[in-house]
Every structure is written in structure tokens, then in C-alpha cells.
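# Coordinate inspection notes
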Amino acid sequence: MLKITSKQLEVTSPIRERIESRFEKLSRHDVQMINPHVIITEEKPMVSKLKHRLASQMENSSLKQNMKIYILRLTLWAKN
């Protein structure tokens, strides 16, 4: 039996159905599993890592201003 767990997200029916369909594909290819266990986690967006990396590399003040605008746009894009 397939076990699906998550600490951060609720495992809804659509999520469960999607995971089960992926495992059905494996069974069609004769992949045998003893105790399949799927753990769903929520990843942090890469925007914050990119923001820190870019901020540490900026030296020129005009470049710095342009990058701040770019970082702000990235942050707004990631929230949507």
C-alpha cells in the first residue's frame, strides 16, 4: 500500500490521485516496491537565494540600483 504524508501541506484527493497515477505507471513497467512512502515537502523559492547572491556581487552603484529593481520584480513575480 502506498503511504503519502506531509507536514506542511494537506494531502488532498487530487494530490493523492496524481501520486497514485505516477506509481501505477511504474507498476506497468514491472517496477516492484516493498513499502512505497511519499513525503511531500514545500520548497522555499529560489528568489531569496538569488537575491542574496546578487546583492553580494554588486559593486557599482548604478548596477546596484538596477539590480534592486530586478530583485523587487522577481520577488513580486514569485508571490504571484
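Calculation rules
Residues numbered from 1 in each chain as written. Predicted model: local features only at pLDDT ≥ 70, side-chain atom pairs only at ≥ 80, totals over all residues. Heavy atoms only, no water. Helix = DSSP H or I, 4+ residues; strand = E, 2+ residues; numbered from the N terminus. Buried < 20%, exposed > 50% of the residue type's maximum accessible area, 1.4 Å probe, protein only. Contact = heavy atoms within 4.5 Å. Areas by Shrake-Rupley, 256 points an atom, 1.4 Å probe, with all protein chains shown as cover. Core = buried A, V, L, I, M, F, W, Y, C linked by side-chain atoms within 4.5 Å. pLDDT = per-residue confidence, 0-100.

## Brief notes about the overall build of the protein
Looking only at helices and strands, one finds three helices and two strands in the protein. Reading the protein from its N terminus to its C terminus gives the helix and strand order β-α-β-α-α. A buried classification covers 16% of the 80 residues belonging to the protein. Across the protein, contacts joining residues at least 24 apart in sequence account for 57% of those joining residues at least 6 apart. Accessible surface, the protein as shown: approximately 7300 Å² in total, 53% of it carbon and sulfur.

## Some points on the nonpolar core
With five residues, the main nonpolar core is built from Leu2, Ile4, Ile19, Val38 and Ile40. Not counting residues up to four positions away in its chain, the partners in contact with Val38 are Leu2, Lys3, Ile4, Thr5, Ile19 and Phe23.

## With respect to the confidence of the model for the protein
For the protein, per-residue confidence averages 77 on the pLDDT scale, and 66% of positions sit at 70 or higher. Per-element mean pLDDT across the protein ranges from 64 in helix H2 (residues 46-57) up to 91 in strand E1 (residues 3-6).

## Let's talk about the environment of Ile40
In this structure, Ile40 sits in strand E2 (residues 37-40). Of the residues examined, Ile40 reaches a relative accessible area of 17% and is grouped as buried. Considered as a pair, Ile40 and Lys7 are 33 residues apart in the sequence and their alpha carbons are 7.6 Å apart. Look past the residues within four positions of Ile40 in its chain and what remains in contact with it is Ile4, Thr5, Ser6, Lys7, Gln8, Leu9, Val11, Ile15 and Ile19.

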